[in-house]
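Geometric and topological summary
For reference, the chains in residue letters:
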Amino acid sequence: MLLFLVVFGGLFALSYAYVVPAEDAVILYEYAKNFAQSGLITYGGASHPIEGATDFLWMVLIAFFKVLGINEFGTALFVNFLCLAFMASLFRDSIEKLLVGAAFLLTPFLYSSLSGFSTITFSALYVMAIKLLLDRSKYLYVSILLLCLVRPD
């Protein structure tokens, strides 16, 4: 697990230092910044609501951290990293963790998340919903609601 955290933590740290977030991610960051500052879901500093924030829960989460003074892109990377670590923790066997890591290295999910999108967070919610379904948990429907509120671009 330590190797997993070091490799992926390094990738996320390098992304913060060297990657320019994707344009659509930056648009959502603008909505989050305005929501954090004014309580309105708006774009461009308008004083009235403007629809267009496509990933509602992601926007609210980024706005929450913006209120705490944390950069939008940094928040996106950090939350995605935590969600990736969470997914890896769901697997007990080292081989399974290695397969999870390889799957993310070989698919666009990681690279989308390194650009500022919520794809790994969405994936973590999806895996959690499947686990809750298999466990016949009463929290399954809450996880599905959360899943519906996150829509990575």
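Everything discussed here concerns the structure shown above.
In this report, the structure presented in the accompanying data block is examined. If you're wondering where the values come from, they're calculated on a predicted model, not measured in any experiment.

Across the interface, helix α1 (residues 2-18) lies against helix α5 (residues 94-106) with an axial gap of 11 Å and an inter-helix angle of 20 degrees. In terms of axis orientation, α1 runs roughly parallel to α5. Once α1 is placed against α5, the crossing between them reads as left-handed. Between α1 and α5, the contacting residues are F4, F8 and L11 on the first element and K97, V100, G101, F104 and L105 on the second.

This part covers the environment of L106. Relative to the elements of secondary structure, L106 occurs in helix α5. When the C-alpha positions of L106 and W58 are compared, they lie 24 Å apart, and in sequence the two are 48 residues distant.

To continue, consider the nonpolar core. In terms of nonpolar packing, the biggest core is built from 28 residues, with F8, F12, L84, F104, L110 and I120 touching the most fellow members. Put simply, the parts of the chain that give this core at least two residues each are α1, α2 (23-38), α3 (56-67), α4 (72-89), α5, α6 (108-114) and α7 (119-134). In terms of residue count, the dominant contributor to this core is α4 (nine residues).

Before going further, it helps to spend a moment on α2. Helix length check: α2 (16 residues) gives 23 Å between terminal C-alpha atoms against 22 Å at 1.5 Å per residue, within 8%. Immediately downstream of α2, the backbone of G39 shows phi near 80 degrees, a positive value.

Our next topic: the pattern of salt bridges. For the coordinates displayed, the defined rule picks out three salt bridges. Here E30 makes a salt bridge to K33, at a shortest N to O gap of 3.4 Å. Of this pair, E30 and K33 both sit in helix α2, separated by three residues, roughly a single helical turn. As a salt-bridge pair, D135 and K131 come within 3.1 Å of each other at their nearest N and O atoms. Residue class for D135 comes out partly exposed when judged on its relative accessible area of 46%.

Parameters at a glance
Residues numbered from 1 in each chain as written. Predicted model: local features only at pLDDT ≥ 70, side-chain atom pairs only at ≥ 80, totals over all residues. Heavy atoms only, no water. Axes fitted to C-alpha atoms, helices over the stretch in contact; angles between N-to-C directions. Helix = DSSP H or I, 4+ residues; strand = E, 2+ residues; numbered from the N terminus. Parallel < 35°, antiparallel > 145°, perpendicular 65-115°, else oblique. Left-handed = near helix turned anticlockwise from the far one by under 90°. Contact = heavy atoms within 4.5 Å. Core = buried A, V, L, I, M, F, W, Y, C linked by side-chain atoms within 4.5 Å. Buried < 20%, exposed > 50% of the residue type's maximum accessible area, 1.4 Å probe, protein only. Expected span 1.5 Å × (residues − 1). Salt bridge = Lys/Arg side-chain N within 4 Å of Asp/Glu carboxyl O.

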